[in-house]
Amino acid sequence: MQIAIFGLGKMGSQIARRLHKNNFEVLAWNRSPEPREEVAKAGVKTYGEVEKLVSDMKESPRVFWLMLFDKITGEFLEQQLLPQLRPGDVVIDGGNSFYKESMKRSEMLKAKGVEFFDCGTSGGVWGEKNGFALMVGGPKELWPKVEPIFKTLSAGQNYGLMGKAGAGHFVKMVHNGIEYGMMEAIAEGYGVLKASEFDLDLAEVTKIYQEGSVIRSWLIDLTRNIFEHEDVAGTSGVIGMMGEGEWTVQAGRELGVDVRVLEDAVNVRKESQDPKNQEKFSNKIVALMRKQFGGHGIQKK
């Protein structure tokens, strides 16, 4: 099966390689050459020109996977890809786009005879090896045509069609909102442990939390990695955020749902930009968790 990938960042490059390793013919585009060169080492055919890639797509339906930052997805789709699309093509947005924008894009493409799927993609820097979790929205009648892509990218069962266009990105948005709250709760708990009079070995504490406890989880596993391999003291407590947590809080308000924990977690991330909060132990732990699972950058003191 042939598929085009636009965007070879941390996630896009993993997706391109995983599909290529599983006998897909992958044609991959990226604006800057360095990611193209890196992915080409795995045998993926790469392009620096969108037009050339599209012209080389021969299978029907032609499937185009976007893996771009949400701020540029709309512009890229409308200005660079849309003029070259034809009826019957399929566009999959695998980035973290706002679900309402995905609903609009679906209608825009449908008017031109182009089908659209939105795919919330989770897995961080571990997805290529372990498989991604994939939450998809789009037309049910076309699901059989694209399901092999998602099945290949997944760990086997952790993928599915959530509903109509927008549903995939909505489910992923809420996933990330939950992630904000879970990370903040874990980090604040460790802040209490750190501040106690007991001079606790936090790696040892985490080893016990990891097995048989109610809070055992991948985030707890990553927290142990932090205490065994990261320079916590030398890390700034500035916490990055991509927007999905705030979108989830906004959706909760619109739907009349109490999301106070998620809202507090979002506010902590905003407040972490203030220098007076950058020594907070819990902020450092959240920043390092983001590095552990997603390869997100951290600031050093």
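Above this text is the structure in question.
Residues numbered from 1 in each chain as written. Predicted model: local features only at pLDDT ≥ 70, side-chain atom pairs only at ≥ 80, totals over all residues. Heavy atoms only, no water.

*Asks:* Whenever I open this one, the overall build of the protein chain confuses me. Can you help?
*Replies:* Tallying secondary structure elements over the protein chain gives 13 helices and eight strands in all. Considering only C-alpha atoms, the protein chain reaches an extent of 65 × 45 × 40 Å along its principal axes. A separation of at least 24 residues holds for 67% of the contacts in the protein chain among residues at least 6 apart in sequence. As displayed, the protein chain offers around 14700 Å² of accessible surface, 52% of which is attributable to carbon and sulfur atoms. (Helix = DSSP H or I, 4+ residues; strand = E, 2+ residues; numbered from the N terminus. Contact = heavy atoms within 4.5 Å. Areas by Shrake-Rupley, 256 points an atom, 1.4 Å probe, with all protein chains shown as cover.)

*Asks:* Help me understand the packing of helix 1 (residues 10-21) against helix 7 (residues 143-153) in this model?
*Replies:* When two helices pack together, their arrangement is given by the angle between the helix axes and by the axis-to-axis distance. Look at helix 1 against helix 7: their axes get within 9 Å of each other, and the N-to-C directions meet at 105 degrees. One way to sum up the angle between helix 1 and helix 7 is to call them roughly perpendicular. The segment helix 1 lies against helix 7, with Ile 15, Arg 18 and Leu 19 engaging Ile 149, Thr 152 and Leu 153. (Axes fitted to C-alpha atoms, helices over the stretch in contact; angles between N-to-C directions. Parallel < 35°, antiparallel > 145°, perpendicular 65-115°, else oblique.)

*Asks:* What should I look at first to understand the sheet that holds strand 2 (residues 25-29) in this one?
*Replies:* Hydrogen bonds between backbone groups are what pair the strands of a sheet, and the pairing can be parallel or antiparallel. With respect to topology, eight strands assemble into an open sheet ordered 3-2-1-4-5-6-7-8, the strand pairing being mixed. Each edge of the open sheet is held by one strand with a lone partner, namely strand 3 (45-47) and strand 8 (154-163). The sheet shows a mean angle of 25 degrees between the axes of neighbouring strands, direction not considered. Two elements, strand 6 (residues 115-122) and strand 7 (residues 132-137), share five bridges in a ladder whose sense is antiparallel. (Pairing = 2+ DSSP bridges.)

*Asks:* I'm lost on the pairing of strand 1 (residues 2-6) in this one. Help?
*Replies:* Within a regular beta strand, the side chains point alternately toward one face of the sheet and then the other, so they alternate between its two faces. Burial analysis of strand 1 places five of its five residues in the buried class, the great majority of the element. Side chains of strand 1 alternate between two faces, with Gln 2, Ala 4 and Phe 6 and Ile 3 and Ile 5 buried alike. In this sheet, strand 2 lies alongside strand 1 in parallel orientation, the contact comprising five bridges. Each residue of the ladder has a partner; that of Ala 4, found in strand 2, is Leu 27. (Buried < 20%, exposed > 50% of the residue type's maximum accessible area, 1.4 Å probe, protein only.)

*Asks:* In this structure, what is going on with the pattern of salt bridges? I would like to understand it.
*Replies:* If the charged atoms of two oppositely charged side chains come close together, the side chains can form a pair. One pass over the structure, following the stated rule, counts 18 salt bridges. Here Lys 41 makes a salt bridge to Glu 38, at a shortest N to O gap of 3.3 Å. Glu 38 gets classed as partly exposed once you look at its relative accessible area, which sits at 44%. A salt bridge links Lys 270 to Glu 246; the nearest nitrogen and oxygen atoms lie 2.7 Å apart. Taken as a pair, Lys 270 in helix 12 (residues 260-271) and Glu 246 in helix 11 (residues 244-255) lie far apart in primary sequence, 24 residues in all. Judged by its relative accessible area of 35%, Glu 246 falls in the partly exposed class. (Salt bridge = Lys/Arg side-chain N within 4 Å of Asp/Glu carboxyl O.)

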